[in-house]
Amino acid sequence: MKALREMSLEELWQLFPIELSAPRPEWKLWAAEEISHLTALLARFNPVINHIGSTAIPTIRAKPIVDLLVEVPRTANREQLHALMLGSGYLCMNSTPTRMSFNKGYTPSGYAERVFHIHIHPTGDNDEVRFRDYLLSHPEAAADYEALKQSLLPRFRNNRDAYTDAKADFVHRILRISKQEV
């Protein structure tokens, strides 16, 4: 069996299709446990960690993947941070000069029981929290988001990038509205 790092993007998308699940109460518990783990692991970086993404919205269907946003100071040593995450079993999926993303729970035979996406951003780069908070306080917008995701699933079940891109206009619109309400 091929290692995950040896697979093409298309092979990964086939092995890890997008699935939407009914809300599960354990997502909140899993997020809290992972936040506790990451808070201890990354303590020297003074992280601010939030449960984001659709699993943080208890009224809508979501990919059964818990997303966490870890904000660290811009002065944080990225090499040390990267090494700590890799050494703790996370896979680095993407790294730019300001952001990193890691996954946990992906195996060569498919998803583990608990799957996490860890997004590491500089402090203040947290529109995901604003988006989450807006959906939590506006159930009609959350329902619209759920409907959009369900409508996209048949076309993009095996193409995460296209699925995310197809949601972008909705997300940007909600962020604009939320910033006007402040």
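Up top you'll find the structure we're talking about.
Reading guide: rules and limits
- Residues numbered from 1 in each chain as written.
- Predicted model: local features only at pLDDT ≥ 70, side-chain atom pairs only at ≥ 80, totals over all residues.
- Heavy atoms only, no water.
- Pairing = 2+ DSSP bridges.
- Helix = DSSP H or I, 4+ residues; strand = E, 2+ residues; numbered from the N terminus.
- Axes fitted to C-alpha atoms, helices over the stretch in contact; angles between N-to-C directions.
- Buried < 20%, exposed > 50% of the residue type's maximum accessible area, 1.4 Å probe, protein only.
- Contact = heavy atoms within 4.5 Å.
- Core = buried A, V, L, I, M, F, W, Y, C linked by side-chain atoms within 4.5 Å.
- Phe/Tyr/Trp six-rings, centres within 6.5 Å; stacked < 30°, edge-to-face > 60°.

Undergrad: Sorry, what's going on with the sheet that holds strand S1 (residues 48-52) here?
TA: Whether parallel or antiparallel, the strands of a sheet pair through hydrogen bonds between backbone atoms. On the basis of which strands lie adjacent, the open sheet formed by 5 strands has the order S1-S2-S5-S4-S3 and mixed pairing. Two strands close off the open sheet at either side, each with one partner strand: S1 and strand S3 (91-95). Sheet twist, expressed as the mean angle between neighbouring strand axes with direction ignored, is 20°. Two elements, S3 and strand S4 (residues 100-107), share 4 bridges in a ladder whose sense is antiparallel.

Undergrad: Help me out: how do you make sense of the environment of Ile120 in this one?
TA: Relative to the helices and strands, Ile120 resides in strand S5 (residues 110-122). Classification of Ile120 as buried rests on a relative accessible area of 2%. Remark: the alpha-carbon pair of Ile120 and Trp13, spanning 107 residues in sequence, is separated by 23 Å. If we ignore the near neighbours within four places in the chain, the residues touching Ile120 are Val70, Val72, Leu81, Met85, Thr98, Arg99, Met100 and Phe102.

Undergrad: Which parts of the structure should I look at to understand the nonpolar core?
TA: In globular proteins that are soluble, nonpolar side chains generally tend to be buried together. Counting 24 residues, the largest nonpolar core has Leu38, Leu42, Val70, Met85, Phe102, Ile118 and Ile120 as the members making the most contacts within it. When residues of this core are traced back to their parent elements, those giving at least two are helix H2 (26-41), strand S2 (66-72), helix H3 (78-87), S4 and S5. Among the elements that line this core, the one with the most residues is H2, at 5 residues. If we skip the residues at most four places from it in the chain, Leu42 touches Pro47, Val70, Leu81, Leu84 and Met85. Counting residues in hydrophobic clusters, the runner-up holds 11 residues, among them Tyr134, Ala142, Phe170 and Ile174.

Undergrad: Mind showing me how you'd approach the packing of aromatic side chains here?
TA: To describe a pair of aromatic rings, you give the distance between the ring centres and the angle between the ring planes. A complete count under the given rule lists 6 aromatic pairs for this structure. Each ring, one from Phe131 and one from Phe170, has its centre 6.5 Å from the other, and the planes form 85°; the classification is edge-to-face. Of the two residues, Phe131 is situated in helix H4 (residues 127-137) and Phe170 in helix H6 (residues 160-180); the sequence distance between them amounts to 39 residues. What makes Phe131 buried here is its relative accessible area of 12%. A relative accessible area of 10% means that Phe170 is categorised as buried. A network of ring pairs unites the aromatic residues Phe16, Tyr106 and Tyr111 as a single cluster.

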